[in-house]
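Structural overview for review
For reference, the chains in residue letters:
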Amino acid sequence: MDDDLIAKHTTAAIRIRLGEARSQSYLRDFIYGAVDGAVTTFAVVASVAATGLSSGIVLLLGVANLLADGFSMAAGNYLGTKADAQTRDATRKQEEFEVEHAPDGEREEIRQIFAEKGFEGETLDAVVNVITSDKKRWVDTMLMEEHGLALESSSPIKAAWVTYGAFVSVGAIPLVTFVIDYFKPDVIAQPFGWSMGLTAVAFFVVGALKSRFVERSWWLEGGETLGVGTLAAGIAYGIGLLLKPLVEGAL
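Nothing here was measured: the structure is a model prediction, and the numbers come from that model. (Residues numbered from 1 in each chain as written. Predicted model: local features only at pLDDT ≥ 70, side-chain atom pairs only at ≥ 80, totals over all residues. Heavy atoms only, no water.)

**A word on the layout of surface pockets**
If you add up the space inside the largest pocket, you get close to 170 Å³. Mapped by element, the contributors of at least two residues to the lining of the largest pocket are α3 (27-50) and α4 (55-101). It is α4 that provides the largest number of residues to the lining of the largest pocket, a total of 5 residues. Residues belonging to the lining of the largest pocket are distributed by class as follows: 2 nonpolar, 7 polar and 3 charged. (1 Å grid on protein atoms, 1.4 Å probe; cavity = no way out; pocket = protein on both sides within 12 Å on 5 of 7 lines; lining within 4 Å. Points joined across faces, edges and corners; volume = space filled by probe spheres on them. Helix = DSSP H or I, 4+ residues; strand = E, 2+ residues; numbered from the N terminus. Nonpolar A, V, L, I, M, F, W, Y, C, P; charged D, E, K, R; others polar.)

**Comments concerning a nonpolar patch on the surface**
A surface patch of nonpolar side chains, about 500 Å² in accessible area, is lined by Leu231, Ile235, Ile239, Leu243 and Leu246. Relative to the elements of secondary structure, Leu243 occurs in helix α11 (residues 218-250). Taking relative accessible area as the criterion, Leu243 reaches 40% and is therefore assigned partly exposed. (Patch = residues over 30% accessible without salt bridge, like charges linked within 9 Å, V, L, I, M, F, W, Y side chains within 5 Å. Areas by Shrake-Rupley, 256 points an atom, 1.4 Å probe, with all protein chains shown as cover. Salt bridge = Lys/Arg side-chain N within 4 Å of Asp/Glu carboxyl O. Buried < 20%, exposed > 50% of the residue type's maximum accessible area, 1.4 Å probe, protein only.)

**Remarks on helix α8 (residues 156-171)**
The end-to-end C-alpha distance of α8 is 22 Å, a good match for the 22 Å that 16 residues give at a rise of 1.5 Å each. Within the sequence span of α8, burial applies to Pro156, Ala159, Ala160, Thr163, Ala166, Phe167, Val170 and Gly171. Taken around the axis of α8, the buried residues stretch over an arc of 140°, which confines them to a single face. In α8, the exposed positions angled more than 90 degrees off the buried face are occupied by Ile157, Lys158 and Trp161. (Expected span 1.5 Å × (residues − 1). Arc of directions from axis to C-beta.)

**With respect to the side chain of Arg92**
If you trace the backbone, Arg92 turns up in helix α4. Excluding its chain neighbours within four sequence positions, the residues that come into contact with Arg92 are Val139, Asp140, Leu143 and Leu151. (Contact = heavy atoms within 4.5 Å.)

**Considering the environment of Lys158**
Relative to the elements of secondary structure, Lys158 occurs in helix α8. Taking C-alpha positions, Lys158 is 35 Å from Gly193, a pair spaced 35 residues apart along the chain.

Here's what the structure looks like:
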């Protein structure tokens, strides 16, 4: 057995680890913002490029997407994360009320919950007595076991900023070659082709980074994210081709 694994599971190490404050992970918010930023911005790039419009138009619409859609994503994540916390707080108040005014029924709920987990007889009685002897422990258990709620949640503001930062930073990648083409028209022969390549790399890197946190192969995660992004980009490019006759007719 690995020595590091053994060292992490000594009595002292476990006590220290469990006693430490639990930090909230914002990986979901980062992945959410990064993938959506790259997908939506490249979707704009692909659909506009398919119509044959200039790099200036691509940049105008792309930057507008970064700022507006990025803020919308961040605001939505803020409200969603806040709603989760509000739901937990409201449920806690309800459980506290029920524990206070219907303790026998709530105690029976605890008994049935742990009976389903395989506890029985004197062991089940002991578990129920320990949990219901402390009101906070009792309510916490009901939140987790009956309602499936986490006892802690991410900061809505931090979640929003992580989402927005990831959206803008990764979402700007598809626009890089069009910025160069706009200011230096003769430097890049095929800005859309280079944009497509850079965006593909961004998709793969985001997926590969995610693999460090989800215990999966980096190339599998990278490939999955690349596949999802490629599908979205392909749909956007196809829509652009379909709309090209309309755009040409309007110009």
